[in-house]
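# Descriptive analysis of the structure
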Amino acid sequence: MKDPAFLKQLSEKELSEVAADIRAFLIDKLSVTGGHLGPNLGVVELTLVLHQLYDSPKDKFLFDVGHQAYVHKILTGRAGQFDTLRQHKGLCGFPKRSESIHDCWETGHSSTSLSGAMGMTLARDLKGTDEHIIPIIGDGALTGGMALEALNHIGHEQRDMTVILNDNEMSIAPNVGALHNMLGRMRTANKYNKAKEDLELLIKKVPAFGGRLASTAERVKDSLKYLLVSGMFFEELGFTYLGPVDGHDLHDLKANISYAKKTKGPIIIHVVTKKGKGYAPAENDAKGTWHGLGPYKIESGEVVKKPGPPSYSGVFAETLKTIARSDDRLVAVTPAMPNGSGLDKFAKEFPERMFDVGIAEQHATTMSAGLAAQGMKPVLAIYSTFLQRGYDQLVHDVCRQNLNVVFAIDRAGLVGADGETHQGVFDISYMRHLPNITLLAPKDENEFQHMLYTAVNHEDGPIAVRYPRGSGLGVPMDEELKELPIGKWESVRTGKDAAILAFGTMMPVAEAAAELLAAKGIEVEVINARSIKPLDEEKLSEISESGKPILTLEEHALQGGFGSAVLEYYHSAGIHSIVVERMGIPDWYIEHGSVPELLEEIGLTASGAAEKVQKLIPRKKQRA
């Protein structure tokens, strides 16, 4: 498949055969690479019909979140690259403008497609062109406030646009489904609009005794519409609503989308799909395991897991449960990530104390502030990349009011295969400058459990603990939780020639660099700078007095990061003789690949750190 234009010549029977081939292809390829299998199996027929009826790349498809764009990629000439899906320098798991002219909008975060589509629609009308704009958004993404803001504006503007609502969650009972399908057929045949016009004409002809009927005519008409039409929420916003449409019925899809193409103004087509369609383990998934996963065995559906230390998310959940058993104030909050964050395990023991608010990071942040304002101890479990979406609430509602909210920032640092939209490398920069907040990062899973305990017991304003995706280091776990001193670092290796300041995932890199340097006769102190804000100013002063040069290591953007904080301290303290070199994430977006590959690519490695330190040491101190 090189170009989707070939689909226009196919019958429904032939399209059905193509759909079966694509499903088999996806199930086979993703069993090796992993990826978002469930969402893509659910949109095969929908994507085929869209490409058959529209003309990409002239017509624009905007896939919300983007993880359901694999079928689109197959149809637009990229099937041959699926062996490299989500791998370093390989096919991206999300739409990518540089990858294909058929990808007009890049995504990764949810609820952006409608706003992007509105901008493209306005640009089209201002330029006087005639392309179709088609955002495809899921029912989950529709809970995002940004999507609702866009719906409001799109309905107000009344521009031509077709919104596809891909509903893969709703279960429609037979009687309700029959009514919906009947209304959908009425609209498709243009009978619904005719019925509305007939009703309006009838009302106008009835004598309005005392004016009472005239004054209630609009309410009567609206009441009948609410009685008959399921999509009145969208109708009231100014959309023409079509559906529900069976997202796996090619004939039904073609009829409704063809009608939408001819209809003026904004249209919303409610398409009901089955996540994981065509592969039993994915279809029967109740937890969301098959939404996105690693390699699996096709025959059994068994997910291939490598044995190893507990994950940070697992340690988070277990530690939170331990604390909650003795602290009734503790409540957990997550914006639609109960499984990824580990809070599904917490919810089993404390169902009344866990709140999944959906894809609503702004609401989650301010709701946490409200909980804290009333003496509760909210722990907001949120990925670093998604906390960006609640930034004003972090500033205005949490930090400004100095409320005791705990931010458990998961997926901090590089996340690997999900790529540039998900790398958690900006949180220190966008939090460190805010008054009242404390920032911590653990060197391993044992320190992590103590850090969480410290955060929950912190009573002096908001506090954030950032931790990486994946497994811990396999260190022994203490049985008793203890508080760690905030603003104090830990020297894990002594050395007179230089100091490496690191935290989190960079601690093993720092220690390995110290070993390489020791082999060359260079003694380096390695410091676990686990308190990012406040800094350990006493330790920084001590290092400056020793005259040792400093290398800071962070799996985070250099601009505004930890290294910048160290430089700011020395500048404010009037200490200008100290040599400070920084290593971290450079000033560009890091694409997908395994974390080790990405670190190697940007030089954030033990050998890179050792080389950097060696250049800081006066040659007379180095062994010949």
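Only a predicted model underlies this, so the values are computations on that prediction, with no experimental measurement involved. (Residues numbered from 1 in each chain as written. Predicted model: local features only at pLDDT ≥ 70, side-chain atom pairs only at ≥ 80, totals over all residues. Heavy atoms only, no water.)

With that settled, the discussion passes to the pairing of strand E17 (residues 580-585). Sheet topology places strand E16 (residues 550-557) next to E17; five bridges connect them, and they run parallel. By the bridge assignment for E17, threonine 552 is matched with arginine 582. In the classification by handedness, the crossover that spans E16, the intervening helix H23 (residues 562-572) and the parallel E17 is right-handed. (Pairing = 2+ DSSP bridges. Helix = DSSP H or I, 4+ residues; strand = E, 2+ residues; numbered from the N terminus. Right-handed = clockwise from strand over helix to strand, strands pointing away.)

In this model helix H5 (residues 113-127) runs 21 Å from its N-terminal to its C-terminal C-alpha over 15 residues, within 8% of the 21 Å that 1.5 Å per residue would give. For H5, every residue scored as buried is listed here: Ser113, Leu114, Gly116, Ala117, Met118, Met120, Thr121 and Arg124. Considering only its buried residues, H5 is in contact with strand E1 (60-63), strand E2 (133-138), helix H6 (145-157) and strand E3 (161-167). Looking one or two residues beyond H5, the residue adopting positive phi is glycine 128, at roughly 75°. (Expected span 1.5 Å × (residues − 1). Buried < 20%, exposed > 50% of the residue type's maximum accessible area, 1.4 Å probe, protein only. Contact = heavy atoms within 4.5 Å.)

Another aspect to go through is the packing of helix H3 (residues 44-53) against helix H4 (residues 70-78). As a packed pair, H3 and H4 sit with axes 9 Å apart at the nearest point and diverge in direction by 45°. Compared by their axis directions, H3 and H4 come out oblique. In terms of crossing hand, the pair formed by H3 and H4 is right-handed. Where H3 abuts H4, its residues Val44, Thr47, Leu48 and His51 lie against Val71, His72, Leu75 and Thr76. (Axes fitted to C-alpha atoms, helices over the stretch in contact; angles between N-to-C directions. Parallel < 35°, antiparallel > 145°, perpendicular 65-115°, else oblique. Left-handed = near helix turned anticlockwise from the far one by under 90°.)

Another aspect to go through is the nonpolar core. Judged by nonpolar contacts, the single largest core of 47 residues is most densely connected at Ile22, Leu26, Leu37, Leu48, Leu50 and Ile269. In terms of residue count, the dominant contributor to this core is helix H1 (residues 12-33) (seven residues). Look past the residues within four positions of leucine 48 in its chain and what remains in contact with it is Leu7, Leu15, Val18, Ala19, Ile22 and Leu75. Counting 44 residues, the second-largest nonpolar core is a separate cluster that includes Phe386, Val398, Val405 and Ile527. (Core = buried A, V, L, I, M, F, W, Y, C linked by side-chain atoms within 4.5 Å.)

Here we have seven strands laid out as an open sheet, ordered E7-E6-E8-E9-E11-E10-E15, and mixed in their pairing. The open sheet has two free edges, formed respectively by strand E7 (354-356) and strand E15 (531-533), since each of these has just one partner strand. Here the strands of the sheet are splayed against their neighbours by 20° on average, with no regard to which way each runs. As defined by bridge partners, strand E10 (residues 438-440) adjoins strand E11 (residues 463-466) across three bridges and the pair is classed as parallel. In the strand pairing of E11, leucine 440 is matched with valine 465.

Here we take up empty space enclosed by the protein. By the definition in use, this model includes four cavities of 30 Å³ or more. What the largest cavity holds in volume is close to 80 Å³. As for the largest cavity, its lining consists of Ala412, Gly413, Ala441, Pro442, Arg466, Tyr467, Pro468, Phe503, Gly504, Thr505 and Glu555. Along the lines of polarity and charge, the residues of the lining of the largest cavity split into six nonpolar, three polar and two charged. (1 Å grid on protein atoms, 1.4 Å probe; cavity = no way out; pocket = protein on both sides within 12 Å on 5 of 7 lines; lining within 4 Å. Points joined across faces, edges and corners; volume = space filled by probe spheres on them. Nonpolar A, V, L, I, M, F, W, Y, C, P; charged D, E, K, R; others polar.)

Now for the pairing of strand E4 (residues 240-246). The element E4 is largely enclosed, with a buried count of six among its seven residues. In the sheet, E4 pairs with strand E5 (residues 266-272) via five bridges, with the strands oriented parallel. Among the inter-strand pairings, tyrosine 241 is bridged to a residue of E5, identified as isoleucine 268. Crossover handedness for the path E4 to helix H11 (residues 250-262) to E5: right-handed.

It is worth spelling out the sheet that holds strand E14 (residues 524-528) at this point. Strand order in the open sheet made by the five strands is E12-E14-E13-E16-E17, with mixed pairing throughout. Looking along the sheet, the strands with just one partner apiece sit at the ends: strand E12 (490-493) and E17. Strand-to-strand, the axes of this sheet are offset by a mean angle of 25°, without reference to chain direction.

Close approach of charged atoms lets side chains of opposite charge pair. Taken as a whole and judged by the stated rule, the model has 40 salt bridges. The shortest N-O distance in the salt bridge between arginine 493 and glutamate 515 comes to 2.7 Å. Taken together, the residues span a long stretch of sequence, with arginine 493 in strand E12 and glutamate 515 in helix H21 (residues 506-518) at a distance of 22 residues. The salt bridge partner of glutamate 525 is lysine 539, with a shortest N-O separation of 2.8 Å. Of this pair, glutamate 525 sits in strand E14 while lysine 539 sits in helix H22 (residues 537-546), placing them 14 residues apart in sequence. The class of lysine 539 is buried, set by a relative accessible area of 13%. The network of salt bridges with common partners includes Lys443, Asp444, Glu447, Glu490 and Arg530. (Salt bridge = Lys/Arg side-chain N within 4 Å of Asp/Glu carboxyl O.)

These figures come from the coordinates and say nothing about function on their own.
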